[in-house]
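This is what each chain is made of:
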Amino acid sequence: WIAGFSIATMQYLRSIPEIPKEMLEGILADDDLQTLQDAPHPPIYAADRCRLCLHELFAPPSDQSLMHTRALQLNLLEESLNNMMDQCGAMERIKASPLPMVYITHMRTFL
């Protein structure tokens, strides 16, 4: 789902609603890809699926001696996922920011 997050973010920021099947072929199943495309905000959906997979992967082990190590690994991966979501939000803010009129005038005049 990490690859799905990256590609969904790219397509979402470009305002392209369709995610080409070839981009995620062999990574996501066809029904997962369709669900990702149908989501209102595909990057958030992909991040949510990443979190779900992480929590399934790091379910409490039967051996209690490994619990602390697994919790540390889960926290590190969650932090990385949160950083990716923060970057997605920053890119959305940049995309939504209007260009200053002085810059637009300069571009029209000199280019």
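Scroll up for the structure.
Note that the coordinates shown come from a computational prediction; the quantities given were computed from them, not determined experimentally. (Residues numbered from 1 in each chain as written. Predicted model: local features only at pLDDT ≥ 70, side-chain atom pairs only at ≥ 80, totals over all residues. Heavy atoms only, no water.)

### Section: the state of the cysteines
- Summed over the entire model, instances satisfying the criterion amount to zero disulfides.
- Distance from the sulfur of C53, which forms no disulfide, to the nearest cysteine sulfur (C50) is 6.7 Å.
- With no disulfide of its own, C88 lies closest to C50 among cysteine sulfurs, the gap being 12 Å.
- Residue classification places C88 among the buried positions, given a relative accessible area of 2%. (Disulfide = S-S within 2.5 Å. Buried < 20%, exposed > 50% of the residue type's maximum accessible area, 1.4 Å probe, protein only.)

### Considering helix α2 (residues 30-38)
- Residues of α2 that are buried include every one of L33, L36 and Q37, and no others. Projected onto a plane normal to the axis of α2, the buried residues spread over an arc of 95° and lie on a single side. In α2, the exposed residues that point more than 90 degrees away from the buried face are D31 and D38.
- Looking at the buried positions of α2, the neighbouring elements they touch are α1 (2-13) and α3 (42-57). (Helix = DSSP H or I, 4+ residues; strand = E, 2+ residues; numbered from the N terminus. Arc of directions from axis to C-beta. Contact = heavy atoms within 4.5 Å.)

### Section: the nonpolar core
- Judged by nonpolar contacts, the single largest core of 14 residues is most densely connected at W1, F5, I19, L24, L28, L36 and A46.
- Those elements that place two or more of their residues in this core are α1, α2, α3 and α4 (67-96).
- If we skip the residues at most four places from it in the chain, L28 touches W1, G4 and L36. (Core = buried A, V, L, I, M, F, W, Y, C linked by side-chain atoms within 4.5 Å.)

### Regarding α3
- The end-to-end C-alpha distance of α3 is 22 Å, a good match for the 22 Å that 16 residues give at a rise of 1.5 Å each.
- Taken as a whole, α3 has its buried residues at P42, P43, A46, A47, C50 and L54. Angularly, the buried residues of α3 cover 135° about the axis, an arc narrow enough to put them on a single face.
- Of the surrounding secondary structure, the elements contacted by the buried residues of α3 are α1, α2 and α4. (Expected span 1.5 Å × (residues − 1).)

### Some remarks on the packing of α1 against α3
- Closest axis-to-axis distance for the α1/α3 pair is 8 Å, and the angle between their directions is 170°. When the interaxial angle is binned, α1 and α3 end up roughly antiparallel. On the side of α1, the interface is formed by I2, G4, F5, A8, T9 and Y12, while α3 contributes P42, P43, A46, A47 and C50.
- Of the residues in the contact of α1 with α3, the class split is nine nonpolar, two polar and no charged. (Axes fitted to C-alpha atoms, helices over the stretch in contact; angles between N-to-C directions. Parallel < 35°, antiparallel > 145°, perpendicular 65-115°, else oblique. Nonpolar A, V, L, I, M, F, W, Y, C, P; charged D, E, K, R; others polar.)

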